[in-house]
Amino acid sequence: MPDFELKRYLAEQKERVDAALEKALPPSARLEKKVIEAARYSLFAGGKRLRPVLCLAAADVVGGDPAVSMPAACALERIHTYSLIHDDLPAMDNDDFRRGRPTNHKVFGEAVAILAGDALLTEAFGLLAGLREDRSISARKVLDVIHILVKASGTCGMIGGQVIDLESENRDVDMATVEYMHVHKTGALLSASLQVGAILGGGSNDQIATLKHYGHHFGLAFQITDDILDVEGNAVEMGKTPGSDVAKNKKTYPALIGLAASKEAAREHVDGAIQALEIFNDKADPLRALARYLLVRRA
Ligand code: GRG
């Protein structure tokens, strides 16, 4: 459905996710308030909430109640936010700005930024464990969801991809390594968002596998367009200075295959993502629109 109103859909979902994220934060008036403030600072710094939105949309596509998946959607955003805080640290990418604001360690100092990331990650798994309080979700499903997110964010997922990224900065790597890195660093959590939503929504094994496949293409298209934005993007829209990948000698798609071939690759992955959704009716329109949006996103 080409006239699906993605902008409005995203704004409505973001509002729901923001309210749930706020509710799950401990009150700031405690002795630990410094770390709570630091976590809140990055959690509410203007993120698009892409991973929660994918999770809720996947639950909806398979006929589930998206509200049931909300704690998992919040856990995904917490894991994502922790990864950004740690990625920005001097020991990693050493970035001063994210989403147009000073990075967490610039405001709260390195030690508190590390702890805020740790808290966001740890408590994400608390939110997932809390899913068992909903009687409509079996313990088996809760464990499956926890297992998927451990794999997606751990050594053989996001952390592994990040290590490969750091190690690739000053040496030659081939395209297969770059793709492997992106599939793990960025793609794994995006794909897991869809799997988790599909599982909690009560999807069949086929539906879960299909949404995982969509997530694979979505993740690659997302990363390639992120690399393209670093070359062609606008600092105001992106909230950070473009060109940082080149400055850090990052192994990106444009660096390895050029801009034109990168744009073609992004288009192919968007097509692959949309094709994967063939088994679904118009309930999958938000996911179709989200995939198309990757080709025109400005941030
Ligand atoms: C530190 C363990 C650890 C991992 C870091 C994901 C990651 C691994 C680093 C982020 C580096 C980066 C900028 C990757 C490009 C893709 C990406 C994750 C962009 C940011 O995601 P968005 O656009 O962010 O969904 P918002 O700000 O909208 O939440």
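Preceding this section is the structure that the text describes.
The sections below set out a description of the structure shown in this document. Note that the structure is predicted; figures quoted are calculated from it, not measured.

1. Points about the overall build of the protein chain
Looking only at helices and strands, one finds 15 helices and two strands in the protein chain. In terms of C-alpha radius of gyration, the protein chain reaches 18 Å, essentially the compact-globule figure of 19 Å for 299 residues. Oriented by its inertia axes, the alpha-carbon framework of the protein chain measures out at about 50 × 50 × 35 Å. Put simply, the protein chain has 299 residues, and 52% of those count as buried. Relative to all contacts within the protein chain whose residues are 6 or more apart in sequence, the contacts with residues 24 or more apart total 73%.

2. Comments concerning unusual backbone geometry
Phi angles above zero are rare outside glycine, and N94 is one such case at about 55°. By the secondary structure assignment, N94 is in the loop between α4 (70–88) and β1 (97–98). The class for N94 is partly exposed, based on a relative accessible area of 44%. Here R99, not a glycine, exhibits a phi torsion of approximately 50°, which is positive. Tracing the backbone through its elements, the reader meets R99 in the loop between β1 and β2 (101–102). Owing to a relative accessible area of 22%, R99 belongs among the partly exposed residues under this scheme.

3. Quick word on the packing of aromatic side chains
One pass over the full model with this rule turns up three aromatic pairs. R297 extends its terminal NZ or CZ atom over the ring of F222, reaching a point 4.2 Å from the ring centre.

4. A look at the pattern of salt bridges
Scanning the entire structure with this criterion turns up 20 salt bridges. Note that E77 and R49 form a salt bridge whose closest N and O atoms lie 2.9 Å from each other. On the criterion of sequence distance, the pair formed by E77 in helix α4 and R49 in the loop between α2 (33–43) and α3 (50–61) is long-range, its members being 28 residues apart. The buried category is assigned to E77, whose relative accessible area is 1%. One salt bridge connects D144 with R140, and the closest N-O pair in it is separated by 3.4 Å. Residue D144 and its partner R140 are both found in helix α7 (residues 139–153); the two are separated by four residues, about one turn of the helix.

5. Some words on the site of the ligand
The environment of the ligand is made up of 18 residues, and the closest members are K48, R51, H80, R99 and D226. One of the side-chain N or O atoms of K48 is found 2.5 Å from an oxygen atom in the ligand. Between H80 and the ligand, the recorded distance is 2.8 Å, taken from a side-chain N or O atom to an oxygen atom. Notes on the ligand: free accessible area 700 Å², of which the protein chains cover 92%. The set of elements that each furnish at least two residues to the shell around the ligand consists of α4, α8 (158–168), α9 (175–200) and α10 (205–232). With six residues, the top contributor of residues to the shell around the ligand is α4. Looking at the shell around the ligand residue by residue, the class counts come to five nonpolar, seven polar and six charged.

6. Examining the environment of A198
One can find A198 in helix α9. A relative accessible area of 0% means that A198 is categorised as buried. Once residues within four sequence positions are removed from consideration, A198 is found in contact with A58, A59, V62, G203, I208 and L211.

What counts, and at which threshold
Residues numbered from 1 in each chain as written. Predicted model: local features only at pLDDT ≥ 70, side-chain atom pairs only at ≥ 80, totals over all residues. Heavy atoms only, no water. Helix = DSSP H or I, 4+ residues; strand = E, 2+ residues; numbered from the N terminus. Rg over C-alpha atoms; globule rule 2.2 N^0.38 Å. Buried < 20%, exposed > 50% of the residue type's maximum accessible area, 1.4 Å probe, protein only. Contact = heavy atoms within 4.5 Å. Phe/Tyr/Trp six-rings, centres within 6.5 Å; stacked < 30°, edge-to-face > 60°. Lys NZ or Arg CZ within 6 Å of the ring centre and 35° of its normal. Salt bridge = Lys/Arg side-chain N within 4 Å of Asp/Glu carboxyl O. Near = heavy atom within 4 Å. Polar contact = N/O pair within 3.5 Å; in protein donor to acceptor, adjacent residues only side chain to side chain. Areas by Shrake-Rupley, 256 points an atom, 1.4 Å probe, with all protein chains shown as cover. Nonpolar A, V, L, I, M, F, W, Y, C, P; charged D, E, K, R; others polar.

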